[in-house]
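# Survey of secondary and tertiary structure
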Amino acid sequence: MTLYTFDGIRRHRRCPYEYRMDSRAPGWRITADECMDMAVRDAVLASETRRVMRGERISRDDALSFFWESWDRHYPDVDPLPEDAHGLIRYGERCMDRYLSACGRYDVRDVSAIGVSGTLSLPNGHEVLVPIDILMFHGSTATVCQFVTDPGLRSASELSRDREMRLRALWALGNIAGCRSVRMRWEFLGSGTSTEASVRRGDPELALGEVADIVSEMEAQEPLPRESAHCAECPYMRTCPRKLHELSLAGDPTMMSMDEGVRLVDEYGELQERIDALRRRQSELEARRDSVGESIVAFADANGFMAVTGHSGKALVRHERKVELPEDKTEIIEALRRRRLYDDLSMPNYPRLRSDIAKGVADPEVASLATVVPVDKVYYRRTR
Ligand code: SF4
């Protein structure tokens, strides 16, 4: 049994290859952005402990000195060091100012714990650590509150799918006596706003299943590099198979014009663009055909014809019925189950089964019935 953390899962999703390299390297490494985030969150929790638990007043100087102390504690772990960390430090200070403005947004009498951590058992036998910044409880409702330094704003419906928060909600439901409902609250220190969302029935359990799937993939998956803006901060870039060819050319036009790989990718890209143009043209032609089809139906109906004749073909007009099911199938699935029709009408999710077998996370007996064939594929992405 392994204990997984949200941080580890996030790092793995950022780049599985970097995650694997980090887990083999000696020591602990964070990015400059992570250092700022940790410094702000440590400082907020230290301030909240003094303010809420001991009833002390937190001045701006107190809050900033907590931040600087925490920054100094985490900064030695930063690798690679940024050319200039001042922008990040100023941003962290602004987050502390916004924390001070947000202080009065909840009733301190409702706060039950600050910086608490629990664990949840995953269906695949592992555990996940669930940290909660502020835990509040009022009546029979718990509120799990997180401080976020990320400047991005998201809608409440997008936030309600936040997997980590749904697991915090699940932990609260299972560990707080008398807790019957949970609200999730995000304090965005980058923008100075806060958002709340209630937990929908069944959502926390779904999140547990999702995390179990991710953890199974983390264990089984060959760690493929995943390129993103983060590569600029990755210490493995010089040996990363995703970057080697690009780095060997170093953007040199002479080397690029002589390189076999560059020639092949250029040709591949050109062919892909022609295919895309054909598909766009096909969509336009299909839309035009459908519109002419509507005119044929109108003509046939107006004249009482079942078929309309042209020079080179004949169009048969039929009035059929198309069934549209609601996007959210929950009610239909429940009704089918109630009426014992579900097994007759449902079918296995074959794309998911194929994907699980390919990732090596499917049941071994089921997987042994499939043939796994090596396929070489090229995924082309325009870079300019
Ligand atoms: S350079 Fe990018 S793709 Fe390669 S290991 Fe680092 S983060 Fe992953």
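What you see is a predicted model, and the numbers here were worked out from it, not measured in a lab.

The rules behind these values
- Residues numbered from 1 in each chain as written.
- Predicted model: local features only at pLDDT ≥ 70, side-chain atom pairs only at ≥ 80, totals over all residues.
- Helix = DSSP H or I, 4+ residues; strand = E, 2+ residues; numbered from the N terminus.
- Expected span 1.5 Å × (residues − 1).
- Buried ≥ 20, exposed ≤ 12 C-beta atoms within 10 Å, placed from the backbone.
- Core = buried A, V, L, I, M, F, W, Y, C linked by C-beta atoms within 7 Å.
- Contact = placed C-beta atoms within 7 Å.
- Near = placed C-beta within 6 Å.
- Nonpolar A, V, L, I, M, F, W, Y, C, P; charged D, E, K, R; others polar.
- Pairing = 2+ DSSP bridges.
- Domains from an automatic or database assignment.
- Axes fitted to C-alpha atoms, helices over the stretch in contact; angles between N-to-C directions.
- Parallel < 35°, antiparallel > 145°, perpendicular 65-115°, else oblique.
- Left-handed = near helix turned anticlockwise from the far one by under 90°.

## Considerations on helix 11 (residues 260–303)
For helix 11, with 44 residues, the first-to-last C-alpha span of 64 Å sits near the 64 Å given by 1.5 Å per residue. In terms of burial, helix 11 is largely open, as just zero of its 44 residues are buried. Gly304, located one to two residues past helix 11, shows a positive phi value of around 70°.

## A word on the nonpolar core
Ranked by internal contacts, the top residues of the largest apolar core, which has 26 residues, are Leu135, Val144, Leu167, Ala169, Ala172, Val182 and Met184. Elements supplying a minimum of two residues to this core: strand 3 (127–138), strand 4 (141–148), helix 7 (163–175), strand 5 (181–188) and helix 8 (203–220). Once residues lying within four places of it in the same chain are set aside, the contact partners of Ala172 are Leu135, Ala142, Val144, Cys179 and Val182. In this structure, Met36, Phe67, Met96 and Trp186 belong to the second largest nonpolar core, which totals 22 residues.

## Section: the site of the ligand
Neighbouring the ligand are 14 residues, the closest being Cys15, Pro225, Cys231, Cys234 and Cys240. The class makeup of the residues in the shell around the ligand is eight nonpolar, one polar and five charged.

## Quick notes on the pairing of strand 3
As defined by bridge partners, strand 1 (residues 3–4) adjoins strand 3 across two bridges and the pair is classed as parallel. Bridged to Leu3 within strand 3 is Glu127. Pairing of strand 2 (residues 111–121) with strand 3, which is carried by nine bridges, proceeds in the antiparallel orientation. Each bridged residue has a counterpart across the sheet, and for Ala113 the counterpart in strand 3 is Leu135. Between strand 3 and the antiparallel strand that follows it, strand 4, lie two residues; Gly139 among them carries a positive phi value of about 65°.

## Quick word on the domain arrangement of the protein chain
Along its sequence, the protein chain is organised into domain 1 (3–220), domain 2 (254–302) and domain 3 (332–384). Taking only C-alpha atoms, the centre of domain 1 and the centre of domain 2 are 46 Å apart.

## A short note on the packing of helix 3 (residues 32–53) against helix 5 (residues 86–102)
A packed helix pair is summarised by two numbers, namely the angle formed by the two axes and the spacing between the axes. Packing of helix 3 against helix 5 leaves a shortest axis separation of 10 Å and a crossing angle of 25°. Considering their axes alone, helix 3 and helix 5 lie roughly parallel with respect to each other. For the pair helix 3 and helix 5, the crossing hand works out as right-handed. Contacts between helix 3 and helix 5 involve Ala32, Asp33, Met36, Ala39, Val40, Ala43 and Val44 from the former and Leu88, Tyr91, Gly92, Cys95, Met96 and Tyr99 from the latter. For the contact of helix 3 with helix 5, the residue count by class is eleven nonpolar, one polar and one charged.

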